[in-house]
Amino acid sequence: MVEHIGVIGAGQMGNGIAHVCALAGHQVYLMDVNEPALEKALATVAKNLNRQVTKGKISQADAEATVARIHTATTMKVFAECDLVIEAASENEGVKRRILTELCPLLKPSCLLASNTSSISITRLGAATDRPEKFIGMHFMNPVPVMSLVELIRGIATAEETYGVVRELALALGKVPVSAEDFPAFIVNRILLPMINEAVYTLYEGVGSVDAIDTAMRLGANHPMGPLELADFIGLDVCLSVMQVLHEGLADTKYRPCPLLVKYVEAGWLGRKTNKGFYDYSGPKPMPTR
């Protein structure tokens, strides 16, 4: 029975996971080493809950109770009584492995562990823990309060009981779980990120401008958001790291990250979070940077 849930990382994924878990009635412990990130996360959760109230999806009382169920901390000691801890730190295997190694001695033996990784091997991450049979991939989609899907990924050591408990939790959160095998980038990003990378190649090779590419895919393929606009929303650093995982993990040149994507990341143009990517967000309307 999962009652107390820990979330590591207060970024856009972590605060969304905290939001949906607390709204479903769980006590949530949101941890980040950066105190301002925690304050920003709580403000984001409150804003997103108010949006749900305005749309009539939840009551004001639900929103207030949800906020009250989220407890913040800057140390992992807060996870001592958790039944499940979900790691939602940056998409960097070294960072995730260090966190998991440090975390395990602080947990009770029955505590389950999940990673929100969008691309990294669950088997390898599980090997960095003292409980690989209790470790699973639980990949939420962004923005978490809005998107229905959760990819559940079993590593080679993940116990069937762990999968069952986490699947039931996903359903209780109002999500639709799908099972994915432990191959690089799983299902959604295995398909989505190469499409985004190809859109960057299309820009790089001068086939079309930023505006032309996004307009073409919105109107020609009925996508709600153009691939370059979507890349900015995801974060170009995240897009690059997923493409690198695909390229290294599958050893196929079709996954080679576009040099222009690499260049944007090297410039610190990471998309919306830095106010500049394939679009410049500093003005009243996003303007293409190429």
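Residues numbered from 1 in each chain as written. Predicted model: local features only at pLDDT ≥ 70, side-chain atom pairs only at ≥ 80, totals over all residues. Heavy atoms only, no water.

## Section: the packing of helix α9 (residues 227-234) against helix α10 (residues 236-250)
- One can describe the packing of α9 onto α10 by two numbers: an axis separation of 6 Å at closest approach and a directional angle of 100 degrees. With respect to α10, the axis of α9 lies roughly perpendicular. Facing α9, whose interface residues are A231, D232 and I234, α10 presents L236, V238 and C239. (Axes fitted to C-alpha atoms, helices over the stretch in contact; angles between N-to-C directions. Helix = DSSP H or I, 4+ residues; strand = E, 2+ residues; numbered from the N terminus. Parallel < 35°, antiparallel > 145°, perpendicular 65-115°, else oblique. Contact = heavy atoms within 4.5 Å.)

## Quick look at the UniProt feature "domain: 3-hydroxyacyl-CoA dehydrogenase NAD binding" (unreviewed entry) in the protein
- Using the residue numbers shown here, the UniProt feature "domain: 3-hydroxyacyl-CoA dehydrogenase NAD binding" (unreviewed entry) corresponds to residues 4-182.
- The span residues 4-182 is 40% helix and 22% strand, and its two end C-alpha atoms sit 27 Å from each other. (UniProt positions renumbered as here; feature names shortened; annotations may be inferred.)

## What about the nonpolar core?
- Judged by nonpolar contacts, the single largest core of 36 residues is most densely connected at I17, L30, I86, M138 and F140.
- Among the elements that take part in this core, helix α1 (residues 12-23) stands out by supplying 6 residues, more than any other.
- Sequence-distant contacts of L30, that is, excluding residues within four places in its chain, are made with V7, G9, A10, G14, A18, L38, A41, I70, H71, T72 and A73.
- In this structure, L193, V200, L261 and Y279 belong to the second largest nonpolar core, which totals 26 residues. (Core = buried A, V, L, I, M, F, W, Y, C linked by side-chain atoms within 4.5 Å. Buried < 20%, exposed > 50% of the residue type's maximum accessible area, 1.4 Å probe, protein only.)

## Some points on a positive patch on the surface
- The grouping of K40, K47, R51, K55 and K57 at the surface amounts to a positive patch.
- In this structure, K57 sits in the loop between α2 (35-54) and α3 (60-68). (Patch = residues over 30% accessible without salt bridge, like charges linked within 9 Å, V, L, I, M, F, W, Y side chains within 5 Å. Areas by Shrake-Rupley, 256 points an atom, 1.4 Å probe, with all protein chains shown as cover. Salt bridge = Lys/Arg side-chain N within 4 Å of Asp/Glu carboxyl O. Lys, Arg positive; Asp, Glu negative; His and termini not counted. Charge placed at Lys NZ, Arg CZ, Asp CG, Glu CD.)

## Re the pattern of salt bridges
- Summed over the entire model, instances satisfying the criterion amount to 13 salt bridges.
- Between E266 and K263 there is a salt bridge whose closest N-O contact spans 4.0 Å. Here E266 and its partner K263 are both found in helix α11 (residues 259-266), 3 residues apart, which amounts to about one turn of the helix. As far as the burial class goes, E266 and K263 line up, both exposed.
- Overlapping salt bridges bring together E87, E91 and K96 as one network.

## Remarks on the environment of L171
- Following the sequence through the fold, L171 ends up in helix α6 (residues 160-172).
- A C-alpha to C-alpha distance of 41 Å links L171 and T289, two positions 118 residues apart in sequence.

## Digging into the domain arrangement of the protein
- Assigned domains within the protein: domain 1 (4-181) and domain 2 (189-288).
- Put simply, the middle of domain 1 and the middle of domain 2, counted by C-alpha atoms, are 26 Å apart.
- Of the residues lining the interface, 8 residues belong to domain 1; the matching set on domain 2 comes to 6 residues.
- Note on domain 1 versus domain 2: buried area summed over both sides is about 550 Å², and carbon and sulfur give 53% of it.
- Of all residues in domain 1, E91, S118 and S119 bury the most surface against domain 2, accounting for 55% of the area lost on that side.
- On the surface where domain 1 and domain 2 come into contact, there are 0 salt bridges.
- Summed over the shared surface of domain 1 and domain 2, the result is 1 residue pair in polar contact (both at pLDDT 80 or more). (Domains from an automatic or database assignment. Buried area = accessible area lost by both parts, 1.4 Å probe. Polar contact = N/O pair within 3.5 Å; in protein donor to acceptor, adjacent residues only side chain to side chain.)

## Thoughts on the sheet that holds strand β3 (residues 70-73)
- Taken in spatial order, the 8 strands make up an open sheet running β3-β2-β1-β4-β5-β6-β7-β8, and their pairing is mixed. At either margin of the open sheet sits one strand with a lone partner, and together these are β3 and β8 (176-180). Going from strand to strand, the sheet's axes swing by 25 degrees on average, the running direction of each strand aside.
- Across 4 bridges, strand β2 (residues 27-31) lies against β3 in parallel orientation. Paired with V28 across the strands is I70, a residue of β3.
- Where α1 meets the sheet, it contacts β1 (4-8), β2, β3, β4 (84-87) and β6 (135-140), and its direction lies at approximately 170 degrees from that of β2. (Pairing = 2+ DSSP bridges.)

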